[in-house]
Amino acid sequence: MLEKNPVIFIILAFVVIMVGTSVTMIAPFKWINGPGDRIAEVKPYTPLQQEGRDLYMREGCNNCHSQVVRTLAADVERYGNGGGYSKSGEFFYDRPHLWGSRRTGPDLARIGLKYPDPKGAWHRKHMENPQSVVPASNMPSYAFLNQALDTTYSERKMKLLKFPYTQADLDDLKGKSEMDAIIAYMRKLGTDIPVKKAEAAVLVPAVLNNPYTDVKAVKEEAEAIYKQQCASCHGEKREGTLGPALKGSAKSDADLFKIISNGIEANGMPTFGAALDEQKIWKLVTYIKLDTK
Ligand code: HEC
Ligand code: HEC
C-alpha cells in the first residue's frame, strides 16, 4: 500500500536515512574529543609549527603519508618509535586531522621521536633530496621550500584556532624559510606524550660482554639491519655522512653498545634501545667494527 504513494514513501525513506545519519555521524560529537580525551602533556602548535602544518597540507604530503599509528602490533613496532599507538587526545589540536589512509610513504604520527636532532639535519637533507638518504625512495624533492615563509596570517591563525602564543613566538618567525617551518612541524609530531625512552637506558645490561665475536656468523643479518636503520646517517659503507664514520671504530664493544642503545639525542643520534633487542645491537657492534667491506 505504501509503495503506491510515492510522496509518503520518499518522506519516510528520508526520515529513516536521517536517523541512521545522526546516530553515526552527528551524535558521536557529544562524546568524542571532550575533556575526557585530553592528555595534559599534549600542547597546541607554536606559530612556526602551525605554519609547517599548513605547508604540509598545501604540498599534499598527506596523499602519501598517514598520521595515525594503529593499535596493531605491527604498526606499533614499525611506526611507534617508542611512543606506542596513537591516542585520541593527541589529535586534540589538529584542525583538520591528517590521519589519512594512504601509505605510499611511512606513517609520520611519531616521526618527531625518530629523528631527535634539534637542528633537523636529517630532515633537511631528506627533504632537499630524499634519494640522497634513502636511495630507493620515490618521494619527490622539496628543495624549493628553501624560500621565505609568508607570515602575513600567522597571528590571525593562532587567534582563530585559539592557541596560546607569545610575542617571542611571533618574533621567532622572522627570517624563517618554509623548510624551517615544515621541519619544526615534523620534529613536534608525536613527541608530546611521555615515551619509553627512559626504559631504553634501563635495557643496557649490567655486564656488557659481546657474545658475537665471529663476524662471519652475523654479517648477513647485521648488514640488513644496518642498511635499514643506520645507513641513512652513517653511509651505505659505514663511511659516515650525517653521522661519523663507523667502519673499523676504535671504541670498545661496551661503549658502542651503550651509544646505540641510549643514543646521543642532543647531537642527532637516535635511541635504539626500544627498537632493537640486545642480540641485534651486539650483532651491529660486531659488524660496524669490521674493517673490511
Ligand atoms: C609520492 C609520495 C610522497 C609524497 C608526496 C611525500 N612523501 Fe615523504 N616519503 C615517501 C616515501 C616513499 C618515503 C620513504 C622513503 C624515504 O624515506 O624517502 C617517505 C619518507 C618521508 C619521511 C621519513 C619517514 C621515516 O620514517 O624515515 C618524512 C619525514 C617525510 N617523508 C615527509 C614528507 C613531507 C613533509 C612531505 C610533503 C612536503 C612528503 N613527505 C611528501 C613518499 C612521499
Ligand atoms: C638520524 C641519523 C642517525 C641514525 C639513523 C643513526 N645514527 Fe648513529 N650517529 C648519528 C650522529 C649525528 C652521531 C654523532 C653523535 C655525536 O657525535 O655526539 C652518531 C653517532 C654514532 C656512534 C658513535 C660514533 C663515534 O665514533 O663517536 C655510533 C657507534 C653510532 N652512531 C651507531 C649507529 C648505529 C649502529 C645506527 C643504526 C642502528 C645508527 N647509529 C643510526 C646519527 C645517526
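From a predicted model like this one, the values you see are computed outputs, not experimental measurements. Positions within a chain are numbered from 1, following the residues in the order the chain's sequence is written. Each chain gets a letter, beginning with A, and each ligand a number, beginning with 1, in the order they are written. Reporting of local features is limited, given that this is a predicted model, to residues whose pLDDT is at least 70; pairs of side-chain atoms are given and counted only at 80 or more, and all residues count toward the totals for whole chains, interfaces and linings.

## Topic: the overall build of the chain
- If you tally the helices and strands in the chain, you get 14 helices and 0 strands.
- Reading the secondary structure of the chain in the N-to-C direction produces α-α-α-α-α-α-α-α-α-α-α-α-α-α.
- Our radius of gyration looks at C-alpha atoms and nothing else; its globule reference is 2.2 Å times the residue count to the power 0.38. Radius of gyration (C-alpha) of the chain: 24 Å, far over the 19 Å computed for a compact globule of 293 residues.
- Structurally, the chain occupies a C-alpha span of about 85 × 50 × 35 Å along its principal axes.
- Whether a residue is buried, exposed or partly exposed is read from the other C-beta atoms within 10 Å of its own C-beta, which are placed from the backbone; 20 or more gives buried, 12 or fewer gives exposed, and intermediate counts give partly exposed. Counting only residues that meet the buried cut, the chain has 27% of its 293 residues in that class.
- Any pair of residues counts as being in contact when their C-beta atoms, constructed from backbone geometry, are within 7 Å of one another. Within the chain, residue pairs in contact and separated by at least 24 positions form 77% of the contacts whose partners lie at least 6 positions apart. To qualify as a helix, a DSSP run of H or I must reach at least 4 residues; to qualify as a strand, a run of E must reach at least 2; elements of each kind are numbered from the N terminus.

## Structural notes on the domain arrangement of the chain
- An automatic or database domain assignment provides the domain bounds reported here. Assigned domains of the chain: these are domain 1 (2-31), domain 2 (47-188) and domain 3 (197-289).
- Distance between the C-alpha centres of domain 2 and domain 3: 28 Å.
- Listed by partner, the interface residues are 11 residues for domain 2 and 10 residues for domain 3.
- Looking at which element gives the most residues to the side of domain 2 that touches domain 3, the answer is helix 5 (residues 121-128), with 3 residues.

## Observations concerning the site of ligand 1
- In the vicinity of ligand 1 lie 21 residues, with C61, C64, G105, S137 and M139 positioned nearest.
- Those elements that place two or more of their residues in the shell around ligand 1 are helix 4 (111-114) and helix 9 (178-188).
- Taken together, the residues of the shell around ligand 1 break down into 13 nonpolar, 6 polar and 2 charged. Near residues are defined by distance alone, with the backbone-placed C-beta atom required to lie within 6 Å of the molecule or strand. Three classes are used, and their members are as follows: Ala, Val, Leu, Ile, Met, Phe, Trp, Tyr, Cys and Pro are nonpolar, Asp, Glu, Lys and Arg are charged, and the others, Gly among them, are polar.

## Considerations on the site of ligand 2
- Lining the immediate surroundings of ligand 2 are 24 residues, of which C230, C233, G243, N267 and M269 lie closest.
- Within the residue set of the shell around ligand 2, elements represented by two or more residues are helix 12 (231-234), helix 13 (253-262) and helix 14 (278-289).
- Within the shell around ligand 2, the residues separate by chemical class into 16 nonpolar, 7 polar and 1 charged.

## Topic: the packing of helix 11 (residues 215-229) against helix 14
- The interhelical angle for the contact between helix 11 and helix 14, taken along N-to-C directions, is 105°, at an axis separation of 8 Å. By the criterion of interaxial angle, the relationship of helix 11 to helix 14 is roughly perpendicular. From helix 11, V215, V218, K219, E221, A222, E223, I225 and Y226 reach across to helix 14, where they touch K280, K283, L284, T286 and Y287. Orientation is described by axes fitted as lines to C-alpha atoms, over the contacting stretch for helices, and by angles from 0 to 180 degrees between their N-to-C directions. Angle categories: roughly parallel below 35 degrees, roughly antiparallel above 145, roughly perpendicular from 65 to 115, and oblique for all the rest.

## A closer look at helix 1 (residues 6-26)
- Expected helix span is computed as 1.5 Å times (number of residues minus one). Over its 21 residues, helix 1 runs 28 Å from end to end, which matches the ideal 30 Å to within 8%, given 1.5 Å per residue.
- With 0 of 21 residues buried, helix 1 is to be regarded as a mostly surface element.

## Here we look at the packing of helix 2 (residues 47-58) against helix 9
- Where helix 2 meets helix 9, the closest approach of the two axes is 7 Å, and the angle between their N-to-C directions is 100°. With respect to helix 9, the axis of helix 2 lies roughly perpendicular. Residue-level contacts link L48, Q49, E51, G52, R53, L55 and Y56 of helix 2 to E178, A181, I182, A184, Y185 and K188 of helix 9.
- Taken together, the residues of the contact of helix 2 with helix 9 sort by class into 7 nonpolar, 2 polar and 4 charged.

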